[in-house]
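Spelled out, the chains give:
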Amino acid sequence: MADQQTEEILAPFRLLVKEQGDLVKRLKEEKAPEFDIKRAVTELKTRKKTLEDKELSLAPKDGLIDRTRLEDLLKQRFFYDQSFSIYGGVNGLYDFGPMGCAMKSNLLQAWRSFFILEEQMLEVDCSMLTPESVLKASGHVDRFSDYMVKDLKNGECFRVDHLIEAHLEKMLSDKKISEDVKQECRNLLPLIDGMSKEDLTSTLRKYNMKSPISGNELSDPMEFNLMFSTSIGPTGQLKGFLRPETAQGIFVNFKRLLEFNQGRLPFAAAQIGNAFRNEISPRSGLIRVREFTMAEIEHFCDPKEKDIHPKFDTVANLKVPLYSACNQMEGKSPELISIAEGVEKKFIANQTLGYFMGRIFQFMTKVGVDPTRFRFRQHMSNEMAHYACDCWDAECKTSYGWVECVGCADRSCYDLTQHSKATGVRLCAEKKLPEPKVIDVTECQPQKSVLGKVFKKEAKAVMDHLSQLDESALLELEKTLQDKGEVSVSINDQNFTVKPEMVVIKRYQKKLHVEEVVPSVIEPSFGVGRIMYTIFEHNFKTREGDEQRTYISLPPIIAPYKCSVLPLSNNPEFQPFVRQLSQSLTQHDISHKVDDSSGSIGRRYARTDAIAIPYGITIDFDSLKEPHTATLRERDTMKQIRADLTELPQIIRDLASGRRTWDDVLNNYPIFEQQEATSK
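Numbering of residues starts from 1 in each chain and follows the order in which that chain's sequence is written. Confidence filtering applies because this is a predicted model: local features only for residues at pLDDT of at least 70, side-chain atom pairs given and counted only at 80 or more, and all residues used for totals across whole chains, interfaces and linings. Remark: hydrogens and water are excluded; side-chain values derive from all non-hydrogen atoms of the structure.

Section: the sheet that holds strand β9 (residues 238-242)
Any two strands with at least two DSSP bridges between them are considered paired. Strands are runs of DSSP state E lasting at least 2 residues, helices are runs of H or I lasting at least 4, and numbering of each runs from the N terminus. The three strands are arranged β4-β9-β8 in an open sheet whose pairing can be described as antiparallel. For this open sheet the edge positions go to β4 (129-131) and β8 (229-232), each flanked by a neighbour on one side alone. On average, adjacent strands in this sheet sit at an angle of 45° to one another, irrespective of strand direction. Two strands pair when backbone bridges link them, and β8 and β9 are joined in this way by four bridges, in the antiparallel orientation. Directly across from I232, in β9, lies its bridge partner L238. To get an axis, fit a line to the C-alpha atoms, keeping to the stretch in contact for a helix; angles then go from 0 to 180 degrees between the N-to-C directions.

Below you can see the structure in the form of structure tokens.
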């Protein structure tokens, strides 16, 4: 379907989104009641989803793949499979086999080279077990929970907010439902996110909701924490969790990393490791799982210097598809614009965020993501994470729809501030002032002897609390002591009465030569499993003229094996050459697979193509003659050249690392048409 015809069909859907987006903006500007804004936002989300579904249905079918065929191939060749499958398997857990493990290792090595080496980042490897206090400070304990319901007969679980939302939307599209009931549903939809356990229960019962799968009765909602909880140590008194993200390990080590970097900003720390989220109903293969590998970067910089990045020029002219919050509100498509233009128009908050978005795009396309099925989508204000002030998702189009593969967030100084408050440790950098400045200081000096006599073993906690009060809190404390003669402070759910003789509040002037800076953090966060699955889909191809012959066209840099070694037949004279070549490839650090099984050379090429091996070396009868040569075949074009056996390992190494292209090889070596000798 022509673009013009497609746009004509989509125009009314875009108009509906724009009208609702304008309504949301107007309600916010007029400071309308929260309920009205929520209801308008819910309707906006519904219209956006309808528009996106229509866009996907009208999209060209060229990029569509037979997902069942691909997933069967990946399981047959043991790229990955469900964990504990001989016991029936566990949803949301997957094991990578030899091929998947090698590809994942190569992908992570490419990521290390592209980001850690090129940007001179500091790599860390932190514990997966995390004490509750750390995740309490970061906000995860309070925010990482949902309500769920159980099927009372088979025990299947569902997220109750999703279930209610789907049920109400189904009622809205049912012609048999009265308009009064539909209006009730419209009024309820915006309230679902903020419903208490009691509200959820009454809504379930009022509309007689059943399991969407079996139709069975459902339990009352119960709270479910999405983090895997555990206890650390034999006593069980130290509560902990398996980390839901790798970032917190970097934040709590900020002080050490800053010292390692000689106290200078900016710098970036990176970490590759597993994270865990106890999803209620994991689905879609590698897209939504309970244990997953993340590759995360935390770039620490002065908040006043985010608008200037020294390497911004290297990505400024890079054109990327940006789906800004404004375009989403107005029902428009993503725009292909340069990173520089995105920053200039304030779609992208600052140069530092823009720089990393450019680098993300470059990396994703380098490892095999199709740039025509890639976009950056900006989070709208109602979906922004609690720690972010701007966030873009790198989304890839798959058979599951648009999938978030990388998040790039400006976390401001949220995490470091939270951990500083919780521990009393100052997580900040020092910046030399151009000229010294004098400041007024208000300081609390707890009277240890008085506090010790009154509070005994609790005295230290009270002193620490008083010492950490900021200026506004100190002024309030001083006023209350003057007015009432005492003040009550709450520490760890315990109340203590502080009297005037227990504290001295001092005021003085201080000359500063440096100022403290709490860094802002730009965080690119890569979901490795999702990226892998996207690459599989974007590179799953069928041979022209032979629909039964499929192959995975992985870029050489991440291919599990870089080449195959194929003797033309079982002729014993080929074996010394095969052994010698295999040894030489190993010495050049080239992973390879020797396939000396029976079957025609064409069938063996097809087998190696199916598992994404980009190059194949064939030992034939001409290899027996001096100078000893062999053919080198490229998977995608199926073209072959002939080269000396001693040169082939270096050629493949250069091709696999990207230092050389296949076109360059074709121009420098004779094209192979057919062998001259068919036997000795």
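Focus on the environment of K170
Inspection of the secondary structure puts K170 in helix α7 (residues 160-172). Separated by 444 residues in the primary sequence, K170 and P614 place their C-alpha atoms 48 Å from one another.

Digging into the nonpolar core
Across soluble globular proteins, nonpolar side chains have a tendency to be buried as a group. W111, F363, M364, F376, F526 and I552 are the most contacted members of the largest nonpolar core, which totals 68 residues. No other element matches helix α4 (residues 98-119), which puts nine residues into this core. By definition, residues are in contact when any of their heavy atoms lie within 4.5 Å. With sequence-adjacent residues up to four places away left out, M364 is seen in contact with V369, F374, C396, C405, V406 and I531. For the purposes of this section, nonpolar cores are sets of buried Ala, Val, Leu, Ile, Met, Phe, Trp, Tyr and Cys residues that join through side-chain atoms within 4.5 Å. Buried means the residue's accessible area, taken with a 1.4 Å probe over protein chains only, is under 20% of the maximum for its type, while exposed means over 50%, and partly exposed covers the values in between. Membership of the second largest hydrophobic core comes to 26 residues, among which are I617, A630, L645 and I651.

Focus on empty space enclosed by the protein
In the cavity and pocket records, a cavity denotes points on a 1 Å grid over the protein atoms alone where a 1.4 Å probe fits but cannot get out, a pocket denotes an open set with protein on both sides within 12 Å along at least 5 of 7 lines, and lining residues are residues with an atom within 4 Å of a point. Grid points are joined across faces, edges and corners, and a volume is the space filled by probe spheres set on the points. Taken as a whole, this structure holds one cavity of 30 Å³ or more when the rule is applied. When its volume is computed, the largest cavity comes out at roughly 50 Å³. As for the largest cavity, its lining consists of L107, L108, W111, A295, F363, F526, V528 and I531. Elements with a minimum of two residues in the lining of the largest cavity: α4 and α19 (528-538). No other element matches the three residues that α4 contributes to the lining of the largest cavity. Taken together, the residues of the lining of the largest cavity sort by class into eight nonpolar, no polar and no charged. Polarity classes work like this: nonpolar for Ala, Val, Leu, Ile, Met, Phe, Trp, Tyr, Cys and Pro, charged for Asp, Glu, Lys and Arg, and polar for all others, with Gly in that last group.

Side note on the pattern of salt bridges
In the sections that follow, a salt bridge refers to a side-chain nitrogen of Lys or Arg positioned within 4 Å of a carboxyl oxygen of Asp or Glu. Following the criterion strictly, the structure yields 45 salt bridges and no others. Between D161 and R159 there is a salt bridge, with its nearest N and O atoms 2.8 Å apart. Where R633 meets D609, a salt bridge forms, and the shortest distance between an N and an O atom there is 3.0 Å. With R633 in strand β27 (residues 629-634) and D609 in helix α21 (residues 601-610), this pair connects stretches of sequence that are 24 residues apart. For the pair R633 and D609, one class covers both residues: buried.

Digging into the sheet that holds strand β28 (residues 640-644)
Within the open sheet, the five strands sit side by side as β25-β24-β26-β27-β28. Their pairing is mixed. Pairing within the sheet leaves two strands with one partner each, and these edge strands are β25 (592-594) and β28. Sheet twist, expressed as the average angle between the axes of neighbouring strands with direction ignored, equals 25°. Along the sheet, α21 contacts β24 (563-567), β26 (615-619), β27 and β28; its crossing angle with β24, the most-contacted strand, is approximately 165°. The strands touched by helix α22 (residues 648-657) within the sheet are β24, β26, β27 and β28, with β27 carrying the most contacts at an inclination of about 15°.

Focus: the packing of aromatic side chains
Ring pairs are drawn from Phe, Tyr and Trp, using the six-membered ring of Trp, whenever the two centres fall within 6.5 Å, and their geometry is named by plane angle: stacked under 30 degrees, edge-to-face over 60, tilted for the rest. Here the structure, examined in full by the defined rule, presents 21 aromatic pairs. Between the aromatic rings of W111 and F115, the centroid separation amounts to 5.5 Å while the plane-to-plane angle is 45°, which identifies the pairing as tilted. Placement of both W111 and F115 in helix α4 is noted, with a separation of four residues, approximately one turn of the helix. One exposure class covers both W111 and F115, and it is buried. Relative to F374, the ring of F361 has its centre 5.3 Å away and its plane inclined at 65°; by these criteria the two rings are edge-to-face. Taken as a pair, F361 in helix α14 (residues 351-366) and F374 in strand β14 (residues 374-378) lie far apart in primary sequence, 13 residues in all. In this structure F361 comes out as buried when scored by relative accessible area, which is 11%. On the accessibility criterion, F374 (2% relative accessible area) is buried. Members of the aromatic cluster, each reached through a chain of ring pairs, are W111, F114, F115, F363 and F526. Placement of a positive charge over a ring is assigned whenever Lys NZ or Arg CZ falls within 6 Å of the ring centre and within 35 degrees of the normal to the ring plane. Geometry around W402 places R375 over its ring, the cationic atom sitting 4.1 Å from the centre. Positioned above the aromatic ring of Y605, the side-chain terminus of R633 is 4.3 Å from the ring centre.

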